[in-house]
Amino acid sequence: MPTLNQLEAFVAAVATGTFTGAAADLKMSQPAISDLIRRLEAELDAKLFQRGARKLVLTAEGEELLPFARQSVLASQMGASAVRAVQSLGGGTATFGLLRNAEFYLRTDLARNFHLAHPKVRIRLVGQNSWETARDVTSGQLDAGLVTLPIDDEELDVLPLARDEIVYVTADELRAQKTPSIVDIAAAPLVLYDAHYAKTDPARRQLNDRAQLGGLSLEPKIEVEYLSTALALVAEGFGDTIVCRSAVAAEVEPRGLKVVSMAEPMYDTLALVKRRGMSLSPATREMAKLAFSALVAHAKTNAGTVELIPIDGHLRRFLG
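Quick caveat, the model's predicted, so the values are computed rather than measured.

Caption draft 1: Broad picture of the side chain of Asn129. With respect to the helices, strands and loops of the structure, Asn129 is situated in the loop between β4 (122–128) and α7 (130–139). Within the structure, Asn129 has its side chain in polar contact with the side chain of Asp201 (distance 3.0 Å). Setting aside its immediate chain neighbours within four residues, Asn129 contacts Arg100, Asp194, Tyr197, Asp201 and Pro202.

Structure follows, in structure tokens:
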């Protein structure tokens, strides 16, 4: 098969009309250009130029090859330009996975700040349950993401960044007067969300593990998909639920619901994840850095809600 160097020499020779001109154009020696053309002709078993003329003249075979050679050279140049654009954050797409409740921690800061810094890079933020985000990072569909723990991490590098308390929410005055134990929670009418991920959602896993250790099982009275739906049902007196504390101001307080800590405090731990041992692309690396910065900013403006985990130089090592 012809090589790209051979096709580049051929196209340059046609464009300049001489091997000497092609050599100057490609910054090579004239003998090197002649050798590339000779090997190309040997590969194709065809003469591409009529010899003897002062200016190179294509043979019929050369005429047939020319448009395909130009297309190959152009495609190579465009591919190299695209790679350079991605490496310099002058193009490409940044795809990053997010936990479903990311808006409580990052608001619009992540997309806005990334776009302001790198307006030529397209942004695709995939917000879903943390289990699904972790699965997509493991499979290679995403380079990295921000999730809540615990997750299955056999093939992932995990960097915990912060934690947020999970609190108990109720409309019942009596149940709001005590910090509930896992025994109380198992006995209460529960309205839990993330129904599609009941067995894999990180918060649900923590709650189920606690119940199991106490010889109990959690049987929600109602399961729905969205937090807002669960809170609306709690407000109507159908049962109680759990939420991260960062959601309280926006979602719980407007409904006039009571919030209490659990007898044994429980936390959502927010963490960056990527495939184990893999280097991040420049765009994904920048997105991960901005996600951490947005989380830090959120922690500073919501004192007592999100607690940052000291990471020292671990972020730099994680980002590669």
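Additional details are given in the paragraphs that follow.
Caption draft 2: Summary view of the pattern of salt bridges. Taken as a whole and judged by the stated rule, the model has 19 salt bridges. Residues Glu173 and Lys258 are paired through a salt bridge, measuring 3.0 Å at the closest nitrogen-oxygen approach. On the criterion of sequence distance, the pair formed by Glu173 in the loop between β6 (156–170) and α8 (182–187) and Lys258 in strand β10 (residues 258–260) is long-range, its members being 85 residues apart. Its relative accessible area of 49% is what places Glu173 among the partly exposed residues. Two residues, Lys289 and Glu286, come together in a salt bridge whose shortest N-O distance is 3.6 Å. Highlighted residues: Lys289 and Glu286, both in helix α12 (residues 282–301), separated by three residues, approximately one helical turn.

Caption draft 3: Layout of the nonpolar core. By size, the foremost hydrophobic cluster in this structure holds 50 residues, and its most contacted members are Phe96, Tyr105 and Val243. Here this core takes 10 residues from α12, the largest share from any one element. With 20 residues, the next largest nonpolar core counts Leu7, Ile33, Ala69 and Val73 among its residues.

Caption draft 4: Local environment of the packing of helix α1 (residues 4–16) against helix α2 (residues 19–26). α2 packs onto α1 with a crossing angle of 120° between their chain directions and a minimal axis gap of 8 Å. Looking at the two axes, α1 sits oblique to α2. The chirality of how α1 crosses α2 is right-handed. Seen from α1, the contacting residues are Glu8, Ala9, Ala12, Ala13 and Thr16; seen from α2, they are Phe19, Gly21, Ala22, Asp25 and Leu26. When grouped by side-chain class, the residues that make up the contact of α1 with α2 number six nonpolar, two polar and two charged.

Caption draft 5: Local environment of the pairing of β6. Of all the 15 residues making up β6, 11 are buried; the element is thus mostly covered by neighbouring parts of the structure. Here β6 pairs with strand β12 (residues 306–308) via three bridges, running antiparallel. Bridge assignment links Asp164 to a residue of β12, and that residue is Val306. With four bridges joining them, β6 and strand β9 (residues 241–244) adopt antiparallel strand pairing. Looking at the pairing, Val169 lines up with Thr241 of β9. When β6 meets β10, the two strands line up antiparallel, connected through three bridges.

Caption draft 6: Up close: helix α10 (residues 227–235). Residues of α10 that are buried: Leu227, Ala230, Leu231, Leu233 and Val234. Buried residues of α10, seen end-on, are gathered within an arc of 160° and therefore sit on one face of the element. Each element contacted by the buried residues of α10 is listed here: α5 (103–106), β6, β7 (191–192), β8 (222–223), β9 and α11 (248–252). Once α10 ends, the next one or two residues include Gly237, with phi positive near 90°.

Definitions and limits used
Residues numbered from 1 in each chain as written. Predicted model: local features only at pLDDT ≥ 70, side-chain atom pairs only at ≥ 80, totals over all residues. Heavy atoms only, no water. Helix = DSSP H or I, 4+ residues; strand = E, 2+ residues; numbered from the N terminus. Polar contact = N/O pair within 3.5 Å; in protein donor to acceptor, adjacent residues only side chain to side chain. Contact = heavy atoms within 4.5 Å. Salt bridge = Lys/Arg side-chain N within 4 Å of Asp/Glu carboxyl O. Buried < 20%, exposed > 50% of the residue type's maximum accessible area, 1.4 Å probe, protein only. Core = buried A, V, L, I, M, F, W, Y, C linked by side-chain atoms within 4.5 Å. Axes fitted to C-alpha atoms, helices over the stretch in contact; angles between N-to-C directions. Parallel < 35°, antiparallel > 145°, perpendicular 65-115°, else oblique. Left-handed = near helix turned anticlockwise from the far one by under 90°. Nonpolar A, V, L, I, M, F, W, Y, C, P; charged D, E, K, R; others polar. Pairing = 2+ DSSP bridges. Arc of directions from axis to C-beta.

Function cannot be read off these values alone, since they describe shape.
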